[in-house]
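Next come the chains, spelled out residue by residue.
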Amino acid sequence: MTSTVRTGSGEARRRTLAEIADQAGVSVSTVSKVLHNRSDVSAETRAKVQRLLEHHGYLAKHRPAATAAPPGGLIDFVINELDSPWAVELIRGAEDVLHDAGMGLVVSSTHGRTRRARQWLDSLATRSTRGAILVVPELTPQQHEELGRLGIPYALVAPIDEPAPGTPWVGATNWPGGLAATRHLIELGHRRIAIISGPERRLTSRARVDGYRSALAEAGLPFDPELVRYGDFTHGLAHQHALELLALPERPTAIFAGSDHQALGTYRAAAELGLRIPADVSVVGFDDLPFADWVTPRLTTVRTPLADMTALAARMVLRLLSGEQPETTRVEVATELVVRESSGAPPERVPSRS
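Residues numbered from 1 in each chain as written. Predicted model: local features only at pLDDT ≥ 70, side-chain atom pairs only at ≥ 80, totals over all residues. Heavy atoms only, no water.

Let's talk about the overall build of the protein
Under the convention used in this document: Numbering goes from the N terminus for both helices and strands, where a helix is a DSSP run of H or I of at least four residues and a strand is a run of E of at least two. Throughout this description, buried means an accessible area under 20% of the type-specific maximum (1.4 Å probe, protein chains only), exposed means over 50%, and partly exposed covers the range between. Contacts: residue pairs with any heavy atoms within 4.5 Å of one another.
A count of helical and extended segments in the protein gives 11 helices and 13 strands. The buried share of the protein, reckoned over its 354 residues, is 54%. Put simply, of all contacts in the protein between residues at least 6 apart along the chain, 72% involve residues at least 24 apart.

A short note on the packing of aromatic side chains
Going by this rule: Classification of ring pairs rests on two measures: the distance between centres of Phe, Tyr or Trp rings, Trp counted by its six-membered ring, which must be within 6.5 Å, and the angle between planes, read as stacked under 30 degrees, edge-to-face over 60 and tilted in between.
What the rule picks out here adds up to 2 aromatic pairs. Aromatic pair Tyr-212 and Phe-223: ring centres 6.4 Å apart, planes at 75°, arrangement edge-to-face. In this pair, Tyr-212 sits in helix H8 (residues 203-218) while Phe-223 sits in the loop between H8 and strand S8 (228-230), placing the two residues 11 residues apart along the sequence. Given a relative accessible area of 1%, Tyr-212 falls into the buried group.

Details of the pattern of salt bridges
Keep this limit in mind: Salt bridge criterion: a side-chain nitrogen from Lys or Arg within 4 Å of a carboxyl oxygen from Asp or Glu.
Counted by the stated rule, this structure contains 15 salt bridges. Across the pair Arg-276 and Asp-280 runs a salt bridge whose closest N-O atoms are separated by 3.1 Å. Among the ionic pairs, Arg-330 bridges to Glu-332, the shortest N-O distance being 3.6 Å. One salt-bridge network, held together by shared partners, links Asp-288, Asp-293, Arg-298, Arg-303, Glu-336, Arg-340 and Glu-341.

What about the nonpolar core?
Note the cut-off: Nonpolar cores are built from buried Ala, Val, Leu, Ile, Met, Phe, Trp, Tyr and Cys residues. Side-chain atoms within 4.5 Å join them into one set.
In this structure, Phe-77, Ile-133, Val-157, Tyr-212, Ile-255, Phe-256 and Met-309 are the most contacted members of the largest nonpolar core, which totals 69 residues. Ranked by the residues each element gives to this core, the list is headed by helix H11 (residues 306-321), at 7 residues. Among residues more than four places away in sequence, those in contact with Val-157 are Leu-90, Ile-133, Leu-134, Val-135, Val-136, Val-170, Met-309, Thr-310 and Ala-313. With 13 residues, the next largest nonpolar core counts Leu-139, Leu-150, Tyr-154 and Leu-156 among its residues.

A few points about the environment of Pro-199
The topology assignment puts Pro-199 in the loop between strand S7 (193-197) and H8. In this structure, the C-alpha to C-alpha distance between Pro-199 and Phe-233, residues 34 residues apart in sequence, is 7.5 Å.

A look at the environment of Ala-21
When you line up the elements, Ala-21 lands in helix H1 (residues 17-24). On the accessibility criterion, Ala-21 (3% relative accessible area) is buried.

Regarding the sheet that holds strand S11 (residues 300-303)
To keep it simple, the criterion reads: Being paired, for any two strands, means DSSP has found at least two bridges between them. With axes taken as lines fitted to C-alpha atoms, and helix axes fitted only over the stretch in contact, angles between N-to-C directions fall between 0 and 180 degrees.
In space, the 6 strands of this open sheet follow the order S8-S7-S9-S10-S11-S13, with mixed pairing throughout. The open sheet has two edge strands with one neighbour each: S8 and strand S13 (336-338). Direction aside, the axes of adjacent strands within the sheet are offset by 15° on average. Across 4 bridges, strand S10 (residues 282-287) lies against S11 in parallel orientation.

Observations regarding H8
Because the α-helix completes a turn every 3.6 residues, residues three or four places apart line up on one side. Heads up, the condition is: One fewer than the residue count of a helix, multiplied by 1.5 Å, yields its expected span.
The terminal C-alpha atoms of H8 lie 22 Å apart, and with 16 residues this matches the ideal 22 Å at 1.5 Å per residue to within 8%. Where H8 is concerned, the buried positions are Thr-204, Ser-205, Ala-207, Arg-208, Val-209, Gly-211, Tyr-212, Ala-215 and Leu-216. In the core, the buried residues of H8 are packed alongside helix H7 (174-187), S7, S8, strand S9 (254-257) and S10. Two residues or fewer after H8 comes Gly-220, characterised by a positive phi angle close to 75°.

Here it is as structure tokens:
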């Protein structure tokens, strides 16, 4: 796990909180409360647990729990991948809100690995984390339970599926975004439109494909499963999918990519096949990352206010920390089609490939 903040003594054989709880004869949640300096622990139990925490390196000798934390405390920000402009925008939105609230932000990446996700959860109890913003595909029931035991409020951002009722989460209007992108291409005259989306089981991917299908149905156009590809929102697999689509005997005249990174993969495939954008094939992306306005041709895309999403999640967590419930536990921010130069009228005649 990569983190911008390093905590703890780094001892390879440090005791886990479960072992300390066992030695003290208390629950793990009680140990966590002492570590985080929460008030609902008796003085006798607090002193016993603190001695064990100090002995095993969780606290400096003779230092009360959590006094080294910033005045407002820390909020964990956990994201699947860090190496993308998408991640930068998401972190920026949360940081702006938390900075104004006088709180610090701890950024961690799981890299999509279950083991690293468990490591992040284990590490929460070793620092003065007051809440968490989770930009991860899904939260398991076990992780949800552990966060509850630690008393850490959290909000999810763009989860893989709609979370259980009562779980605070923020998403985007992906279905209307898919609808608007496909409508735009239909209005330009395209009738054979392909889509490259993200992982099939992700809520965001399915919603964008559903919007695409709805626009086709609205225009009386047939849905062709051959023109649908699922990827991973990155440019590599999208490049391969685009090569396959553009090599079809009756190739599409437009491709709706489920992310701007997938649109870049499509650009590369078109260039390798000697096709011009948008003269031979139109391309529409999704997200409106900063590079969308710098590539050539400038990318038509669906703007997702990524920073706004995490800002809303941060406000949800702050509200929970103040002892209040969010006004709503489900928020979907509006997407918006941004028309640039990568979409245009279809070619008058599409050469067939035998």
